[in-house]
Amino acid sequence: MTFATKIRCPRCAREYPLGKIVNTCRCGSPLTVDYDAAKIKNALDASALKRREATLWRYREFLPLNDDRNRVSLGEGFTPLLDTPRLAKEFSLRRLWIKDEAQNPTGSFKDRGIALAVSLAKELGVAKVAIPSAGNAGASLAAYAARAGIEAHVFMPKDAPRANVAEAEQYGARLTLVDGLISDCGRLIAERKDAEGWFDVSTLKEPYRLEGKKTMGLEIAEQLEWQLPDVIVYPTGGGTGLIGMWKGFAELEAVGWIGARRPRMVSVQAEHCAPIVRAFNEGKEAAEPWKDARTIASGLRVPQAVADFLILRVLRESGGTALAVTDEEMLADIRLAARLEGLFLCPEGAACVAALRRLTKAGWIGPSDTALIFNTASGLKYLDAVGPRM
Ligand SMILES: *Cc1c(COP(=O)(O)O)cnc(C)c1O
Ligand SMILES: [Zn+2]
């Protein structure tokens, strides 16, 4: 059973019942899941979590799956929160943690959202799923669909990282390589999904992936013994993790496990694909699509986010900010983190390190602040961009 009560539109407040697959609201906005906080509070004590399995399913009361038998899992979530003192010293920070999402089953944090979306697809009787992906999400969907015995249709740019293409192929997905970006892949799916009977699991075009990504917020809180850091830096493409963590913090406050204090939330993007940064700096409520998007950080090569207004809302509500870094900075900081901490970051993770350097230099983050950044995937998935030239 689930403590979820309904699905709701954060823009127009229209409500939808659980128990039926939904995509976006009729007004076009992403949809989110609501819970009965009082019931969760009665059913679960925070101290009971310690005895639970080390996966995101330890938070099952905060997830929308009704029957545990429909769980499709490869052991995702509850990744280590690594203290990184040498890197902290580099930036004169009191304390710095890296949430190491490389340690998810397919090597990226996409597994969190995809595990939930595929579990719900199984529970609600879906036979075919489709996804537009810059790389990691397509690989993850291919794996979880295989695990569930569901047919997966993956659309990726033809220059997506080779690892992602290989993964999707090996997991047996029907793979289409597109001469374009993730937004072009999304358009192809939108045109065909009704005729093909596909459940479209595009970022924030269904409410379930957000619930899986939200568990990063729950984990950070639990791993830091319910004391959130001062600053969280998040490499932002579609923004699922950022919006998800913010939702997770609100749910933790509703059950009384944390107070009202929140981290300042920071979006980092790539110099040549920074629609959220531009909109944030211009004081806009929505972001214009970015032209000629390019970066080695494939997860950040997202020229337009459907949830742009939600991302911008979180940044402003939290007193946060947004900034872009260059591919060269990412490459240099992959090397730095590898040498200082033994971590082979993905370019998106290294973008967080580069953002820290800029924000500490500018005094936006001070020496008494604690900060948390994400390594959202394994550097091993990016050997085309980072590996030795052969
Ligand atoms: C998808 C992805 C991102 C961006 O995540 P969003 O939640 O869509 O903003 C960052 N890093 C990596 C490695 C990714 O695969
Ligand atoms: Zn709506």
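If you're wondering where the values come from, they're calculated on a predicted model, not measured in any experiment. (Residues numbered from 1 in each chain as written. Chains lettered and ligands numbered in written order. Predicted model: local features only at pLDDT ≥ 70, side-chain atom pairs only at ≥ 80, totals over all residues. Heavy atoms only, no water.)

What follows deals with the sheet that holds strand β12 (residues 321-325). One open sheet accounts for six strands, arranged β4-β5-β13-β10-β11-β12; its pairing is mixed. The open sheet has two free edges, formed respectively by β4 (81-83) and β12, since each of these has just one partner strand. Pairwise comparison of adjacent strand axes, ignoring direction, gives a mean angle of 25° for this sheet. The pairing of strand β11 (residues 264-270) with β12 spans five bridges and is parallel. Each residue of the ladder has a partner; that of S267, found in β12, is A322. Most of the contacts of helix α10 (residues 308-317) go to β11, to which it runs at about 130°, and overall it touches β11 and β12. (Pairing = 2+ DSSP bridges. Helix = DSSP H or I, 4+ residues; strand = E, 2+ residues; numbered from the N terminus. Axes fitted to C-alpha atoms, helices over the stretch in contact; angles between N-to-C directions. Contact = heavy atoms within 4.5 Å.)

At this site the zinc ion (ligand 2) is bound by C9 (SG), C12 (SG), C25 (SG) and C27 (SG), with donor distances of 2.3 Å. Around the zinc ion (ligand 2), the four donor atoms are arranged such that angles at the metal cover 105 to 117°; this shape is classified as tetrahedral. In the primary sequence, the donor residues of the zinc ion (ligand 2) line up as C-x2-C-x12-C-x1-C. In this pair, C9 is assigned in the loop between β1 (4-8) and β2 (15-16) and C27 in the loop between β2 and β3 (32-35), connecting sequence segments 18 residues apart. (Donors = N, O, S within 2.8 Å, 3.2 Å for Na, K, Ca; no water. Tetrahedral: all angles 85-135°; square planar, octahedral: opposite > 155°, others 65-115°.)

Strand order in this open sheet of three strands is β2-β1-β3, and the pairing throughout is antiparallel. The two strands at the open ends of the sheet, each matched to only one other strand, are β2 and β3. Bridging between β1 and β2 involves two bridges; their strand directions are antiparallel. Within β2, the residue paired with R8 across the bridge is E15.

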